[in-house]
Amino acid sequence: MKTTPFWWEAAEPQHGERGIDTGDCRILIVGSGYTGLSAAITLAEAGETGIMVIDAMRIGEGASSRNGGQIGNGAKFTPAQATARFGEKRAREIMEDYAASMPFMLGRAATLADPIDLDLCGSVVGAHTRKDMAKLHELRDRLAPEDRKNYEILDEGQVRRAVKTGIYRGAMIRHDQGSIHPAKYVRALANRARALGVRIFTGWRFSGARRIAEGHVARLVDVQEGASADVRAERMLLGVNGYAGPEVPWLRRRTIPVQSYMIATEEMPFDLLERLIPGNRMVGDTKHVLYYYRRSPDGKRILFGGRARFRNSTEEQGAAGLRRFMEHTFPETRGVALSHAWHGNVCFALDFCSHAGRMDDGIYYVSCCNGGGISNQTHLGHRIAEHMLGRPGTDRGVIGSHFPKLPFYNGTPWFLPMVGTWYRFLDRSARWFD
Ligand SMILES: Cc1cc2nc3c(=O)[nH]c(=O)nc-3n(C[C@H](O)[C@H](O)[C@H](O)COP(=O)(O)OP(=O)(O)OC[C@H]3O[C@@H](n4cnc5c(N)ncnc54)[C@H](O)[C@@H]3O)c2cc1C
């Protein structure tokens, strides 16, 4: 079993330029995932020059080349919860941001020269309990009639039409969602950015910045050699999501990094997988500790993911937990060999909302994908870039929303094992009383 992402077989992250050229930088972007690259593309398309993206790893080597490739839009809270947290106007705008993310991402994908295996195959949400099923009904009933056609409800007896397992109390299919190859997507974004004149440097870690009259001077450290370089930039953006380190304490106090694990099976008979997950749809569920799975783009493997453990673990430990749940979901997979096991970092906010804006020191940021960010981070990268360009009316919705911090917290989520145990208890007990 390889301990690198299955996706890297077709699109291993590439190195960027190595020797930092500090001369012509005007905009410095830290992080070469969907956020940073999408922002770079919008800025370059607007005619900005001197855009430099840096990353401590290779291009897109963070979550953007490691995820499940399930694309959709949707907030992790209801409009009523958003109104209680942000007030009516801001909440409405935030929900608009979430709704706009998938159409935006599809538009951006259409501008890319490289293939990304985009497939609007639909997605399935399996209901863990009858109560969750009622919530799925409610969600669909509240939609405008023209949107409702994309949502199909399956009761307990019909679930197997969408996914052949007995573990759900019902399900909802979303016909407007689908999948991509995540590593090909981040590579295609990088190629598009470079074609627009953006320079991407890798193996350089941002280690802090000081403010000057014309912007900032950022200190970069060569990850391999330890050498450092100072780069002047008029504007700076941090798109570091679940990889924020001690160099950005403002973000660390507000964000909770969580490791998410995935496994891929060896190739299995196509007909068997077509019976288990017909039509190559994406699948997730309604649990607190959710699992998500899909077939590989060629339909021959199962890729299974979830927060297998709430303490930092090896790939093998993560894989063991995921395998147990995969076999529980599909007994037909018992004993099948695994080809890959890997993990990546996602990032949560206390209010489960994405946040973007400007920190106290004037540096821009986008953070907190809350578990799912392919379309959302692509869109927010674009939105923050528009804000950096000074376009009127961009300080709305997620941009500039109140970003809560956790008291007595410095970015090390010591409480996660306890939260994990509590969430697992909630999931189990919800089923006992169902
Ligand atoms: C296992 C897994 C499965 C997932 N599945 C899905 C899914 O199916 N659907 C979905 O929508 N989302 C999914 N996600 C979430 C999605 O991958 C992320 O939301 C998205 O990739 C975040 O993009 P980003 O650009 O904000 O951050 P990242 O892609 O994580 O990029 C951040 C980059 O910042 C760099 N960095 C950090 N600090 C520094 C520094 N000081 N100096 C230089 N560079 C730095 C890192 O090296 C990293 O490359 C999943 C995530 C994981 C881990």
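Rules of the game
Residues numbered from 1 in each chain as written. Predicted model: local features only at pLDDT ≥ 70, side-chain atom pairs only at ≥ 80, totals over all residues. Heavy atoms only, no water. Helix = DSSP H or I, 4+ residues; strand = E, 2+ residues; numbered from the N terminus. Rg over C-alpha atoms; globule rule 2.2 N^0.38 Å. Buried < 20%, exposed > 50% of the residue type's maximum accessible area, 1.4 Å probe, protein only. Areas by Shrake-Rupley, 256 points an atom, 1.4 Å probe, with all protein chains shown as cover. Lys, Arg positive; Asp, Glu negative; His and termini not counted. Charge placed at Lys NZ, Arg CZ, Asp CG, Glu CD. Phe/Tyr/Trp six-rings, centres within 6.5 Å; stacked < 30°, edge-to-face > 60°. Polar contact = N/O pair within 3.5 Å; in protein donor to acceptor, adjacent residues only side chain to side chain. Expected span 1.5 Å × (residues − 1). Contact = heavy atoms within 4.5 Å.

Undergrad: Describe the overall build of the protein, with residues and values.
TA: The helix and strand inventory of the protein stands at 11 helices and 19 strands. Taken over C-alpha atoms, the radius of gyration comes to 21 Å for the protein, in line with the 22 Å a tight globule of 434 residues would show. Once the C-alpha set of the protein is aligned to its principal axes, its extents read approximately 65 × 50 × 45 Å. In the protein, which comprises 434 residues, the proportion classed as buried is 56%. On the protein, roughly 18200 Å² of surface is accessible, and the fraction owed to carbon and sulfur atoms is 52%. In the protein, 58 positive and 48 negative side-chain charges are present, and the distance between their average locations comes to 4 Å.

Undergrad: Outline unusual backbone geometry, supporting the account with residue identities and numerical values.
TA: A positive phi angle, close to 55 degrees, is found at Asp117, a residue other than glycine. Taking relative accessible area as the criterion, Asp117 reaches 29% and is therefore assigned partly exposed. The phi angle at Phe408 is positive, at roughly 55 degrees, despite the residue not being glycine. Exposure remark for Phe408: the relative accessible area of 85% places this residue in the exposed category.

Undergrad: Please set out the packing of aromatic side chains residue by residue, giving values where relevant.
TA: Overall, the coordinates contain 16 aromatic pairs when judged by the stated rule. Summarising the aromatic geometry, the rings of Tyr34 and Tyr185 are spaced 5.0 Å apart at their centres and angled 40 degrees between planes, so their arrangement reads as tilted. Of this pair, Tyr34 sits in helix α1 (residues 34–45) while Tyr185 sits in helix α6 (residues 182–195), placing them 151 residues apart in sequence. For the residue pair Tyr34 and Tyr185, the accessibility class agrees, reading buried in each case. A ring pair is formed by Tyr293 and Phe330, whose centres lie 5.5 Å apart and whose planes are at 85 degrees; its orientation type is edge-to-face. With Tyr293 in strand β15 (residues 291–295) and Phe330 in the loop between α9 (315–329) and β17 (338–349), the pair connects residues that are 37 residues apart, well separated along the chain. Residue classification places Phe330 among the buried residues on the basis of a relative accessible area of 0%.

Undergrad: Describe the side chain of Arg383, with residues and values.
TA: Inspection of the secondary structure puts Arg383 in helix α10 (residues 374–388). Of the residues examined, Arg383 reaches a relative accessible area of 7% and is grouped as buried. Within the local environment of Arg383, its side chain forms a polar contact with the side chain of Asp97, the two groups lying 2.8 Å apart.

Undergrad: Got a sec to walk through α6? Specific residues and values, please.
TA: Between its first and last C-alpha atoms α6 spans 20 Å; for 14 residues at 1.5 Å apiece the expected length is 20 Å, and the two agree. Turning to α6, its buried residues number three or more, namely Pro182, Ala183, Tyr185, Val186, Ala188, Leu189, Ala190 and Ala193. The inward-facing, buried residues of α6 abut α1, α3 (88–110), β8 (199–202) and α10. Count one or two residues on from α6 and you reach Gly197, which has phi positive near 100 degrees.

Remember, this is a structural readout, not a statement about activity or role.
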